[in-house]
Each structure stands twice: as structure tokens, then as C-alpha cells.
Amino acid sequence: MKYYSIKKLHQLLLTKKITPSRIIKDAFTNLAQHQILNATVTELAAEVAILAKKLDDLVVPKDNYLFALPYFAKDNFATKGIKTTASSKILENFVPNYESTVTNILKEHHSILLGKSALDELGMGGHGLYALTGDVLNPWDLTRITGGSSSGSAVLVAAGVVPFALGTDTGDSVRKPAGYCGIVGFKPTYGLISRYGVFPYAPSLDTVGYFTRTVEDSAIVFDYLAQEDHQDATSLKSKEYGYFKNLSSSAAKKQKFAYLKNAHLILGDEIRGQFEQLYDKLKAVEISITAIDFPEDLLKALMSVYMVISFAEAVSSNSMLDGINFGTRVEGDTYQEVMMNSRTNGFGHVVKRRYVIGSYALTKDNQTLLFLKAKRVRRLIVDALAAVFAEYDILLLPAASTIAPKISTIKDKILTEDELENYVDDLLVLGNLMGNPSLTIPLAFLEKMPIGINVNAAPFADQKVFNASLLIEEIVGIKNKVAPQGGKNHG
Ligand code: GLN
């Protein structure tokens, strides 16, 4: 089985070395060999075979990289006529009668949706252990987590089933699993990709993102998906165009890089060593890279701020999942009872816990104390980050503090005091609080497991993120890497 990038697949289609039907057949064969990973909610094999046959007869447009591109969408993108569950029991039977803007753009360009991928229920979670369809396993080692919440999409790209898959990122849900699975995960500037038809979790933080296995492919996709959309009130016009055309690692060499000194000090020795090696290599090609201080109290506040804001927004934006407006109904004597029964029956324990905390932060007495305070601290964090971007073009962060943890160590885990103090695993939330572009790429392998580095720039500087990531990809030399067949851990 060959694992092609989007760019390569397009060349093969143009030169008639491969047909859409062949692409689809290979993808489903590969998927069949990876069922153990438990990455999908819905697979559309029959429908897709008919569509691919139609595409076989069309002339491949030279400038359409999306033509016959096989992909999976996280199951929180509404797909017309195709079940969309958000991996939640309450939406188990929900078939939308509308299409998300993003899947619509892909459809218009003749990309082929192979199915819907599993997520932590409604996007709430970071482990891939809270989907209605069960645990999603890491293709590098089946005993380890994939990260979440866009778990299935990350796994399908890492295992080589598809070169591209859609996710969403509210706190780190694309960039964290990308790191754990050894692939490229991009969250663009807030507003540049439409959220119309994407089920909300916390709208002030929610961003459409996606996975690929190369930085080039990530830039290619962005050229199509970054479109202003009047159906999304928070949609913004991109200030730059031609992200792929303008992709240049030599442009990145003129940029000023920074990394957080304090975060590095609390990283484990082995992982820190990998980052330091990269910094040395950057310095060797005369790139300016500086260790900077970031207010420690703000870093320690990241998770609390994220939780209060996102849980409160989740309660509000998911209030229509009540068995009356949306969702599976469980009967009761009054409409209040119907709502209570439907919600009690329909949500898993993580989601319920978040709604309780979110509601608590929104009660009249607590709003000023908790919700408004969290928003003020968010402002302080964003201001501090803006000060970094006023001086530096690129901020590098660890994508995670460790390789993907063992599933057995995560389930029902209660954090220790030390772990609560360690904010390295919270750092990616910075990108959602500010809404700036942020991309994770593989940095190295430790114990035969991938670790990722996360590349950030100021809002709207998405091109800078791509350029710096390309440079790092070239230096590191990990590109288009696929996890071993069947998920055996043999690196
Ligand atoms: N891990 C974060 C959480 O648990 C991120 C979720 C997300 O980005 N959707 O909420």
C-alpha cells in the first residue's frame, strides 16, 4: 500500500497513473486493516464507489488539488442526509438536512467523503476515550491514547487511510492529537474557516482545523477552506491568498523565533533535549531564536480560564439538545421532565460534569466572580501573547509534555498536586484564547512514539506559520510518515 500526500495524489491523477476508483478501493482496503483502531462512526463505502466511478470519467482539472481527494470529517460537521452524531447518544439518530460550509466546499471541488470519524462526545475531551463508539487507539501503539477530541480523524491520517481529515479545535483538539500521532495538525486564525454547520462547543474558541501528513498539504487545503461565509457571523476575510504558492522556508529564515523559557524548565529531560537539538540546528543556519519569559501566573491560570469560559459557553450553546428542539426524546409528564429525561439519558459523564460546572459559573451570584473574571484573565493572557508577537514572528511550544500516555494510566485518573501545577499540557489553549494560527508538526520519536512541536504566529499571520513549519519539517526530516500497519509498535 502506498501512502500519498495530497500533492502527489494530484500529480498521479493528472498523469492518469491512478483513478478515483482505485484511490477509494485502496483507502477502504486500508481502513479494513485498521478496524482495531476504532476510528470511525460511519463508513460510506457503497455510496462512495458510485461517486468515484463518475469521477473516473471526468477530466482532472489541473489546478484543483481537491479533486478525488479522499477524506474523513469529524462527526460534528453536519453532512446533509448522512448521520451526524457528534459521538453523543443524544444525537445517535440525527440526520441533518443541511450541509456544513466546509464539507460543502470540499463537495463542490469533488473531494470524496469516505465517512465520519469518532470524537470525544461533542468535542469535549482530550483523550479519545469519550466517544459513543468506544476508545480510539493510537496507531503507533494500541495501548496508548490518540489524544482528542478529533481522535478518529487524527488516527485515519496517521494510519495512512486518508491524506487529509477534518477536525475542530476549541482548546487543542487538532494540535494535541496531531502531536501524539506524528502528523501535521493546523488550527488557523479564528474566523478564517467558516463554522457554519459545525456543532458548537464553545463558540468564542471553536475553530475548524484539519490533519495532513505534510506542511505543503496543509497550505494547499487552506487555500480552499479559507473563505468568507455570510452564514457564519464570525467569519472573516483572509488578508492573504495563495498560501501554497507563497510557501517558502527561506522566507522563514528571516523571521524571529522565540520559545518559553519557563515552560522548558518543567519539561522532562528527554523531551527537552529534542527541542534543544532543534534550536541548535536553527541557530546553525543563522536563525534568531530567543528564550523568553512569559508571566508564570498567567500560564498557571490557563486551564481554569479555559474551563470556566468553555464550559459556560457549552451550557448555553448546547441548550437546544433537549429532546424537544434536537436530540433523542425520552418522554415525561411535563416538558421540563422531557428535557430532563432526554438530557440525563443522552449525555455521557464528561459532558454532564462540564455542564454542571458551566452552569455554576453562570448563576447570577457567580457570574462576576467566575465567568467575567475568567474573561478578564483571558484578556490579560491575550495581551501578554500580543506583546510576544509584537517582538517575535514565531512562538514555538511543546505540543505535549510527554509521548501519548497509556490508556490504562488515563482512565479515571485524578491529577496530583504536581500535575496540576504543570501547565505544559495546557499551553496550546493560548492559541484559542487569542485566536491566532497554530500548527503542530512531528519533531522526533521517543520510545518509538512521536512527539510534536507547535508553531504559532500572530492572528492573520497564517502564512508565517506555514513557512516556519516547512523550515522545521525540512530540518527535522519527518514528512508523510505513516504509523505501522495494524498499530504494532515497531516504529
Ligand atoms: N482537551 C480540551 C478539552 O478537553 C480540548 C477540547 C477541544 O479542543 N475540543 O476540552
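Everything numeric here is computed off the predicted structure, so don't read it as measured data.

Below, the discussion takes up the site of the ligand. The environment of the ligand is formed by Gly-123, Gly-125, Gly-126, Ser-149, Asp-169, Thr-170, Gly-171, Asp-172, Ser-173, Tyr-201, Tyr-306 and Arg-354. In the environment of the ligand, a nitrogen atom lies 2.7 Å from a nitrogen or oxygen atom belonging to the backbone of Gly-123. One of the side-chain N or O atoms of Ser-149 is found 3.4 Å from a nitrogen atom in the ligand. Bound to the protein, the ligand loses 91% of the 290 Å² it would expose on its own.

Here we come to the environment of Arg-379. Tracing the chain through its elements places Arg-379 in helix α14 (residues 364-391). Along the backbone, Arg-379 and Thr-234 are 145 residues apart, and their C-alpha atoms lie at a distance of 19 Å.

Moving on to empty space enclosed by the protein. Under the definition given, this model contains six cavities of 30 Å³ or more. In this model, the largest cavity occupies a volume close to 170 Å³. Among the elements that take part in the lining of the largest cavity, helix α2 (residues 20-33) stands out by supplying four residues, more than any other. Within the lining of the largest cavity, the residues separate by chemical class into eleven nonpolar, two polar and three charged. When its volume is computed, the second largest cavity comes out at roughly 70 Å³. What lines the second largest cavity is Asn-76, Leu-122, Gly-123, Thr-168, Thr-170, Arg-195, Val-198, Phe-199, Pro-200, Tyr-201, Asp-206 and Thr-207. Split into classes, the residues belonging to the lining of the second largest cavity amount to five nonpolar, five polar and two charged.

To continue, consider the layout of surface pockets. Here the largest pocket is characterised by a volume of approximately 1700 Å³. Of all the secondary-structure elements, those providing two or more residues to the lining of the largest pocket are α6 (175-181), α11 (296-317), α13 (349-362), α15 (407-410) and α16 (417-421). The greatest single-element share of the lining of the largest pocket, amounting to six residues, is contributed by α11. Residue composition of the lining of the largest pocket, grouped by class: 22 nonpolar, 14 polar and 13 charged. When its volume is computed, the second largest pocket comes out at roughly 310 Å³. Along the walls of the second largest pocket sit 18 residues, with Arg-195, Gly-197, Val-198, Phe-199 and Pro-200 positioned nearest its centre.

Taking 1.5 Å of rise per residue, 16 residues should cover 22 Å, and helix α10 (residues 269-284) covers 22 Å from first to last C-alpha, within 8% of that figure. Every buried residue of α10 is listed here: Ile-271, Arg-272, Gln-274, Phe-275, Leu-278, Tyr-279 and Leu-282. The buried residues of α10 occupy one face: seen down the axis, they fall within an arc of 155°. In α10, those exposed residues whose orientation departs by more than 90 degrees from the buried face are Asp-269, Glu-270 and Ala-284. Once α10 ends, the next one or two residues include Glu-286, with phi positive near 60°.

Moving on to unusual backbone geometry. Each neighbour pair has its own omega, and for Gly-148 with Ser-149 the value is 10°, a cis peptide bond. By secondary structure assignment, the location of Ser-149 is in the loop between β3 (112-117) and α5 (151-158). Although it is not a glycine, Glu-447 adopts a positive phi angle of roughly 50°. For Glu-447, the position within the fold is in the loop between β10 (438-446) and β11 (449-456). Here Glu-447 falls in the exposed class, since its relative accessible area comes to 55%. The residue Asn-480 is not glycine, and still its phi comes out positive at about 55°. Within the secondary structure layout, Asn-480 lies in the segment after α18 (462-476). Since its relative accessible area comes to 23%, Asn-480 is described here as partly exposed.

What counts, and where the lines are drawn
Going along each chain's sequence as written, the residues are numbered from 1 onward. Per-residue local features are limited, in this predicted model, to residues with pLDDT of at least 70; the limit for side-chain atom pairs, both in listing and counting, is 80 or more; totals at the level of whole chains, interfaces and linings are taken over all residues. Side-chain measures were taken over the full set of non-hydrogen atoms in the model, leaving aside hydrogen atoms and water. A molecule or strand has a residue near it when one of that residue's heavy atoms lies within 4 Å. Residues adjacent in sequence count toward polar contacts only when both atoms are side-chain atoms; beyond that, a polar contact is any pair of N or O atoms within 3.5 Å, and within protein one must be able to donate a hydrogen and the other to accept it. Accessible surface is estimated by sampling points in the Shrake-Rupley manner with a 1.4 Å probe; for residues, cover comes only from the protein chains shown. By definition, any uninterrupted DSSP run of H or I lasting at least four residues is a helix, any uninterrupted run of E lasting at least two residues is a strand, and each is numbered from the N terminus. Only protein atoms enter the 1 Å grid used here. Points where a 1.4 Å probe fits but cannot escape make up a cavity, open sets with protein on both sides within 12 Å along at least five of seven lines make up a pocket, and a residue lines them when an atom lies within 4 Å of a point. Grid points are joined across faces, edges and corners, and a volume is the space filled by probe spheres set on the points. Three classes are used: nonpolar for Ala, Val, Leu, Ile, Met, Phe, Trp, Tyr, Cys and Pro, charged for Asp, Glu, Lys and Arg, and polar for all others, with Gly counted as polar. What a helix should span is 1.5 Å times the count of its residues minus one. Residue burial is assigned from relative accessible area. The probe radius is 1.4 Å, only protein chains are included, and a residue is buried under 20% of its type maximum, exposed over 50%, and partly exposed in between. Within this analysis, the arc is defined by the directions that extend from the helix axis to the C-beta atoms.

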